[in-house]
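# Structural description and commentary
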Amino acid sequence: MTVEDISWEIKTDYTRHLAKKKMREDKRKPFEYRKIELENGYIPNALGSTRVRLGKTEVIAGVSLVMGTPYPDKLNAGTLMTSVELTPIASPMFESGPPRPNAVEYARVVDRGIRESGTLDFEKLCVTEGEEVWMVILDLHVLDYNGNLFDAFALAAISALLNTKMPKYEDGKVIREETKGKLSVQKKPVECTFFKIGDMLMLDPSLGEDKALDARLTVATVGDRICAMQKGGNGSFTMKEIDELVDMSFKKSKELTKLL
Amino acid sequence: MGMKSDLKLIKNGKRLDGRKPDELRPITIKAGVLDNANGSAYLEWGGNKVIAGVYGPRECLPRHRSSPYKAYLTYRYNMAPFSVDDRKRPGPDRRSTEISKISAEALERVIEVEKFPNTMINVFVEVLQADAGTRCAALTAAAVAAADAGLPMRDLIVSCAAGKIDDTVVLDLGKKEDNFGQADVPIAILPHSEEIVLLQMDGDLTKEEFKEAIDMSVKAAKQIYELQKKALTERFKKGGGKE
């Protein structure tokens with residue numbers, strides 16, 4: 001155990017102690033988001049980009065479009081690839097190197113929310129069947145980690161996609177300098193991450209809460225439909241709690257969609 | 001999910017393999033099938049064949065992962081290269097990394113890791129043949145293997161999936177239903193307390209459909225739990241398990 005581990009343990013005790021009294025360190029209500037700010041087109045070099053601040057958590061999403069070949073089982077469809085980099089600048093807990101399981105989980109949960117909601121019309125991204133399709137590459141970077149990367153990444157991702165310009169494609173060449181219109185985005189899925197400490201259910205974990213939580217539930221919704229879910233943490237939820245959180249996610253998702 | 005097709009997945013109330021919407025595929029479980037592992041289980045579920053082995057508690061390596069409060073629990077979900085139609089490149093990929101992570105978290109809820117500080121417990125599951133629903137089969141087998149290893153446990157874990165095909169909520173998706181269906185909801189529960197320790201979902205569901213899917217899986221979990229118990233009692237009867 002390092003000194004850092006021990007100091008986290010003390011902080012975790014405090015967070016759990018507060019939760020028992022239905023309180024949070026930053027005085028938020030149980031189902032209250034921190035302040036959210038979106039800045040679209042933050043990286044002019046990227047075809048689409050958004051910087052999101054969720055409280056003190058800061059992330060950037062960048063979208064690239066590359067011409068590639070389709071998957072053999074879907075010859076008439078473009079592709080989506082989502083990757084997350086937990087850069088060491090963002091937290092003393094992050095190390096450089098190949099993606100760890102938590103980075104993979106973030107990427108896959110954000111990816112599922114977008115893919116399963118039908119946000120992208122993959123058939124429209126096909127240029128020549130079986131040969132040329134657009135590959136949408138979504139890169140998610142964290143600059144400052146202060147809890148709840150799921151929701152920050154998901155919000156940055158959909159916002160960046162909504163603002164992605166389509167490059168021109170002529171005679172087998174992608175001309176990035178000339179764009180024609182925007183990437184066709186059909187829906188606006190958002191993710192809400194809830195967590196449980198003891199018996200207390202809350203939304204949008206801060207860094208301390210991310211460390212102290214027993215169980216976590218991310219719900220991706222679009223309108224009145226659920227499109228992806230992921231439970232994490234080594235605690236559990238009852239069925240009643242999950243029902244309550246799904247209801248709440250429909251409510252809270254409206255707040256997030258308004259920002260887009 | 002999501003592959004478009006004109007294939008009808010339900011005809012006259014029956015599914016492609018003749019099952020009713022709330023019917024499981026046949027499952028068989030055998031505990032104590034490996035010699036080296038401290039605990040093991042073999043499970044067949046429809047066309048799935050998985051084998052789970054548990055090692056530990058043993059010395060924790062790497063040392064910095066050890067905790068003075070609990071055993072370090074690892075879970076490795078691995079698909080054999082020959083387990084699927086097109087050869088799977090060996091080694092962990094993003095999908096198996098994610099499955100391993102959430103399955104380890106689920107198991108940590110039942111195995112009393114706090115009884116073995118400074119040690120590690122390793123759970124390995126090999127998918128030998130895959131036929132949709134492998135993460136559920138793997139976790140169900142892993143729970144039996146952990147019990148076979150004699151680890152103190154709060155409960156077993158039963159994992160099962162439900163989903164949606166042709167606008168109908170059904171239990172335990174088969175391969176075609178998984179590829180051409182509209183949603184998939186794998187869950188894992190503790191059979192006694194009905195706590196949910198693993199939950200994923202992808203596709204498109206209304207709130208009501210989601211609830212129906214969960215209820216269906218919870219009901220099925222009770223059936224699977226009986227099979228787990230049977231496998232474990234068989235194992236410790238005279239002549240049960242591997243000699």
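No experiment lies behind these values; they were computed from the predicted model shown. (Residues numbered from 1 in each chain as written. Chains lettered and ligands numbered in written order. Predicted model: local features only at pLDDT ≥ 70, side-chain atom pairs only at ≥ 80, totals over all residues.)

### Observations concerning the overall build of chain A
Formally: The numbering of helices and of strands both runs from the N terminus, where a helix is a DSSP run of H or I of at least 4 residues and a strand a run of E of at least 2. Every radius of gyration here is taken over C-alpha atoms, with the globule rule written as 2.2 Å times N^0.38, N being the number of residues. Residues are called buried when their C-beta atom has 20 or more other C-beta atoms within 10 Å, exposed when it has 12 or fewer, and partly exposed otherwise; all C-beta atoms are positioned from the backbone. We call two residues in contact whenever the C-beta atoms placed from their backbones are within 7 Å.
Scanning chain A from terminus to terminus reveals five helices and 12 strands. A compact globule built from 260 residues would reach a C-alpha radius of gyration of about 18 Å, and chain A, at 19 Å, matches this within 12%. Structurally, chain A occupies a C-alpha span of about 65 × 40 × 30 Å along its principal axes. Burial statistics for chain A: of 260 residues in total, 45% are counted as buried. When contacts within chain A are restricted to residue pairs at least 6 apart in sequence, those whose partners lie at least 24 apart make up 68%.

### Notes on the interface of chain B and chain A
The test is simple: Polar here means any residue other than Ala, Val, Leu, Ile, Met, Phe, Trp, Tyr, Cys and Pro, which are nonpolar, and Asp, Glu, Lys and Arg, which are charged; Gly is therefore polar. Two strands make a pair as long as DSSP finds a minimum of two bridges between them.
Facing 29 residues of chain B, the contacting portion of chain A comprises 26 residues. Broken down by secondary-structure element, the contributors of at least two residues to the side of chain B that touches chain A are α1 (94–110), β11 (196–205) and α4 (207–235) of chain B. With 10 residues, the single largest contributor to the side of chain B that touches chain A is β11(B). Counted by class, the side of chain B that touches chain A contains 11 nonpolar, six polar and 12 charged residues. With four bridges joining them, strand β12 (residues 225–232) of chain A and β11(B) adopt antiparallel strand pairing. Residue pairing across strands places A:Ile226 opposite B:Leu205, the latter belonging to β11(B).

### Focus on the pairing of β12(A)
Residues and elements named next belong to chain A. Of all eight residues that make up β12, eight are buried, and the element is covered over most of its length. Note that strand β11 (residues 215–222) and β12 share seven bridges and pair antiparallel. From the neighbouring strand, Thr 218 faces β12, where its bridge partner is Gln 230.

### Topic: the environment of B:Val218
Residues and elements named next belong to chain B. Along the chain, Val 218 falls in helix α4. Using a count of 18 C-beta atoms within 10 Å as the deciding quantity, one classes Val 218 as partly exposed. Note: C-alpha distance between Val 218 and Val 158 (60 residues apart in sequence) is 9.0 Å.

### Thoughts on the packing of helix α2 (residues 134–148) of chain B against α4(B)
Residue and element names in this part refer to chain B. Counted only if it meets this: Inter-axis angles, ranging from 0 to 180 degrees, are taken between N-to-C directions of lines fitted to C-alpha atoms, where helices are fitted over the stretch in contact. Two helices that cross are described as forming a left-handed crossing if the nearer one is turned anticlockwise from the farther one by less than a right angle, and a right-handed crossing if clockwise.
Contact geometry for α2 and α4: axes closest at 10 Å, N-to-C directions at 30 degrees. Handedness of the crossing formed by α2 with α4: right-handed. For the pair α2 and α4, contact is made by Thr 140, Ala 143, Val 144, Ala 147 and Asp 148 and by Ile 224, Gln 228, Ala 231, Leu 232 and Arg 235, respectively. Taken together, the residues of the contact of α2 with α4 break down into six nonpolar, two polar and two charged.

### Some thoughts on the sheet that holds strand β6 (residues 72–79) of chain B
Sheet strands line up and pair through hydrogen bonds in the backbone, either parallel or antiparallel. All names here are of chain B. Taken together, five strands build an open sheet; the order of strands is β3-β4-β5-β7-β6 and the sheet is mixed. The strands lining the two open edges of the sheet, one partner per strand, are β3 (27–31) and β6. Neighbour-to-neighbour, the strand axes of the sheet open up by a mean angle of 15 degrees, direction not taken into account. Bridge count for β6 against strand β7 (residues 119–129) is eight bridges, and the pairing is parallel. If you follow Met 79 over to β7, its bridge partner there is Val 127. Where α1 meets the sheet, its contacts fall on β6 and β7, and the angle it forms with β6 comes to roughly 140 degrees. Of the strands in this sheet, β3 and β4 (39–45) are in contact with α4, which crosses β3 at around 30 degrees.

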